[in-house]
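Each chain, letter by letter, is given below.
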Amino acid sequence: MTTHQAHCLILSYPVQGHINPMLQFSKRLQSKRVKITIALTKSFLKNMKELPTSISIEAISDGYDDGGFHQAGTFVAYITRFKEVGSDTLSQLIQKLANSGCPVNCIVYDPFLPWAVEVAKNFGLISAAFFTQNCAVDNIYYHVHKGVIKLPPTQNDEEVFIPGFSSTIEASDVPTFVINPEGERILEMLVNQFSNLDKVDWVLINSFYELEREVIDWMSKIYPIKTIGPTIPSMYLDKRLHDDKEYGLSIFKPMTNECLNWLNHQPISSVLYVSFGSLAIVKAEQMEELAWGLMNSNKNFLWVVRSTEESKLPKNFLEELTIEKGLVVSWCPQLQVLEHESIGCFLTHCGWNSTLEAISLGVPMVAMPQWTDQPTNAKFVKDVWEIGVRAKQDEKGIVRREVIEECIKLVMEEEKGKLIRENAKKWKEMARNVVDEGGSSDKNIEEFVSKLVKCKS
Ligand code: UDX
């Protein structure tokens, strides 16, 4: 039986892209003898395809137990009620766990839910904010919070100065909620992440030091920042965790055998993998351009089109698609796919998890950011880490099929793409090293655990 050194209660915002990095971080803590309980909303739990057996999961309520966010109807309604009901139900859970033989002594919370800090303070617990997104993106929201960034700009190529960045970036590289007034209420929440951040004991960032040195050094002067990523299962990196078979928590069921069997028949580095993550809603016109761009390219492809997006596929596309040329699936085991030797490039929306996964598995990218933090991630992929290209939109905001074809060619076969392909391999090596014993993220996690233990005894 394991003797636990401390007990962390993990509170995530209930979407796949937030829960999974926290789950992977939890596994790392658990391997260092920290007891973990993950609190998930009843509505999310209800839709989960399978629950992990190696980690304890408890339910709390967001006040919308039947349908979560969709039941709430608006973002403001959801967040407001989640705060009320969530605070109560999280407190009840802490009380329940107090009698479990190993009371909670720390809350690791998602700063989308900043009220968790008050709950932690009420119980005298350590609090750690866990930022799912990278430090560059967090830094931008921080400066909106401080009133330093005053947008929206008038033009997409307007230069924006952001303290902590070595050079200015263009307005089109800034997260969409900052430049797009329709995202005003969401921006409010993103900015609110910093409203009580001065009260927390730790700020954990899902990134690694070597990837964002400059901005991490800058933000560390303000907050007690520790990078703990990449939050990819250890089996793809350092392989030090034993009980690491479960990839993550999902409401989607992956078509595992179909994908992997198909990939097994493809030559090394020959396949383009295409996915836009769990949330993005792609315009019908864009879907059409993408579909024909893929079909016209001289590469075979595996494309994830979620069932809710399927109706946007152009007429005839699926009929014209042969099994030799490509496979369209509704969900796949992305990590197994990216690790597969047949994959030569990832055409991605640049959600942070997908980006970090591609970095960790050494896959170069064609970036087609859609919304939220994705344009900033794409900027770094192209210009800072030099592991991909960004497919340029036209004046209507659509990436045309010819552009898609060109980008795929550049990354997968042209001489111009050689450096990109080589850099991708270098970052893969780095990603493994940082979580391996003595690496920058490993050291940070060790330090976090040792402080937890000290506070408990
Ligand atoms: C959201 C936001 O959109 C993103 O910008 C933010 O950085 C995190 O939260 P999402 O759009 O789902 O996330 O994208 P991403 O962060 O890339 O996460 C998608 C996850 O789903 C990845 O972990 C990926 O491995 C997984 N996935 C995706 C699968 O397992 N199978 C699939 O078929 C597609």
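The structure we're discussing is the one just above.
What comes next concerns the included structure. Source: prediction; values computed, not measured.

### Considerations on the overall build of the chain
Counting secondary structure elements, the chain contains 18 helices and 15 strands. In summary, the chain has a C-alpha radius of gyration of 22 Å against a globular reference of 23 Å for 457 residues, a match within 12%. Dimensions of the chain, computed from the C-alpha atoms along their principal axes, are close to 60 × 50 × 45 Å. Considering the chain as a whole, with its 457 residues, one finds that 47% of them fall into the buried category.

### Quick word on the site of the ligand
If you check the shell around the ligand, you find 24 residues, and the closest are Gly17, Gly277, Gln334, Gly351 and Ser354. Going through the elements one at a time, α1 (16–31), α13 (334–339) and α14 (352–360) are the ones with two or more residues in the shell around the ligand. At 4 residues, α14 tops the list of elements feeding residues into the shell around the ligand.

### A short note on the pairing of strand β1 (residues 6–11)
Of all 6 residues in β1, 6 are buried; the element is thus mostly enclosed. Here β1 shows a buried face lined by Ala6, Cys8 and Ile10 and a second buried face lined by His7, Leu9 and Leu11. Pairing of β1 with strand β2 (residues 34–41) involves 6 bridges; the strand directions are parallel. Across the sheet, Cys8 pairs through a bridge with Ile36, a residue of β2. Pairing of β1 with strand β4 (residues 106–109), which is carried by 4 bridges, proceeds in the parallel orientation. Along β4, the bridge assignment pairs Leu11 with Tyr109.

### A few points about the nonpolar core
Core analysis: the biggest nonpolar cluster contains 134 residues, and Cys106, Ile107, Leu204, Leu302, Cys345 and Val366 have the highest contact counts within it. Element by element, the count of residues in this core is highest for helix α6 (residues 135–145), at 7 residues. Ignoring anything within four residues of it in the chain, the contact list for Leu302 reads Cys259, Trp262, Leu263, Val271, Tyr273, Val274, Gly326, Leu327, Cys332 and Val337.

### So, unusual backbone geometry
The amide bond that connects Gly229 to the next residue, Pro230, takes the cis arrangement and shows omega of 0°. In this fold, Pro230 is placed in the loop between β9 (225–227) and α10 (256–264). Although it is not a glycine, Glu386 adopts a positive phi angle of roughly 50°. Residue class for Glu386 comes out partly exposed when judged on the 17 C-beta atoms lying within 10 Å of it.

### Let's talk about the environment of Leu93
Looking at where Leu93 falls in the secondary structure, it is placed in helix α4 (residues 75–98). It is 14 Å that separates the C-alpha atoms of Leu93 and Val108, two residues lying 15 residues apart in sequence. Apart from residues lying up to four places away in sequence, Leu93 is in contact with Ala39, Glu58 and Ile60.

### As for the sheet that holds strand β14 (residues 365–367)
Here we have 6 strands laid out as an open sheet, ordered β12-β11-β10-β13-β14-β15, and parallel in their pairing. Taken across any chain shown, the strands that pair with only one partner, and hence form the sheet edges, are β12 (326–329) and β15 (388–390). When strand polarity is set aside, the average angle formed by the axes of neighbouring strands in this sheet is 15°. One ladder, built from 3 bridges, connects β14 with β15; its direction is parallel. Within the sheet, the bridge partner assigned to Val366 lies in β15 and is Val389.

### Considering the packing of α6 against helix α9 (residues 209–220)
Relative orientation of the contacting elements α6 and α9 amounts to 40°, with a least axis distance of 9 Å. When the interaxial angle is binned, α6 and α9 end up oblique. Note on packing geometry: the crossing formed by α6 with α9 is left-handed. Counting all contacts with α6, which are made through Cys135, Ala136 and Asn139, the residues of α9 involved are Glu212, Val215, Ile216 and Met219. Among the residues making up the contact of α6 with α9, the classes are represented as 5 nonpolar, 1 polar and 1 charged.

### Description of the environment of Thr176
The topology assignment puts Thr176 in helix α7 (residues 176–179). As a C-alpha pair, Thr176 and Arg306 span 130 residues in sequence and 22 Å in three-dimensional space. Not counting residues within four places of it along the chain, the set of residues in contact with Thr176 comprises Gly183, Trp371, Thr372 and Pro375.

### Describing the packing of α6 against helix α8 (residues 184–192)
The geometry of α6 relative to α8 is characterised by a closest axis approach of 8 Å and an angle of 100° between their N-to-C directions. Put simply, α6 runs roughly perpendicular to α8. On α8, the residues that touch Tyr141, Val144 and His145 of α6 are Leu187, Leu190 and Val191. Grouping the constituent residues of the contact of α6 with α8 by class yields 5 nonpolar, 1 polar and no charged.

Rules and cut-offs
- Residues numbered from 1 in each chain as written.
- Predicted model: local features only at pLDDT ≥ 70, side-chain atom pairs only at ≥ 80, totals over all residues.
- Helix = DSSP H or I, 4+ residues; strand = E, 2+ residues; numbered from the N terminus.
- Rg over C-alpha atoms; globule rule 2.2 N^0.38 Å.
- Buried ≥ 20, exposed ≤ 12 C-beta atoms within 10 Å, placed from the backbone.
- Near = placed C-beta within 6 Å.
- Pairing = 2+ DSSP bridges.
- Core = buried A, V, L, I, M, F, W, Y, C linked by C-beta atoms within 7 Å.
- Contact = placed C-beta atoms within 7 Å.
- Axes fitted to C-alpha atoms, helices over the stretch in contact; angles between N-to-C directions.
- Parallel < 35°, antiparallel > 145°, perpendicular 65-115°, else oblique.
- Left-handed = near helix turned anticlockwise from the far one by under 90°.
- Nonpolar A, V, L, I, M, F, W, Y, C, P; charged D, E, K, R; others polar.

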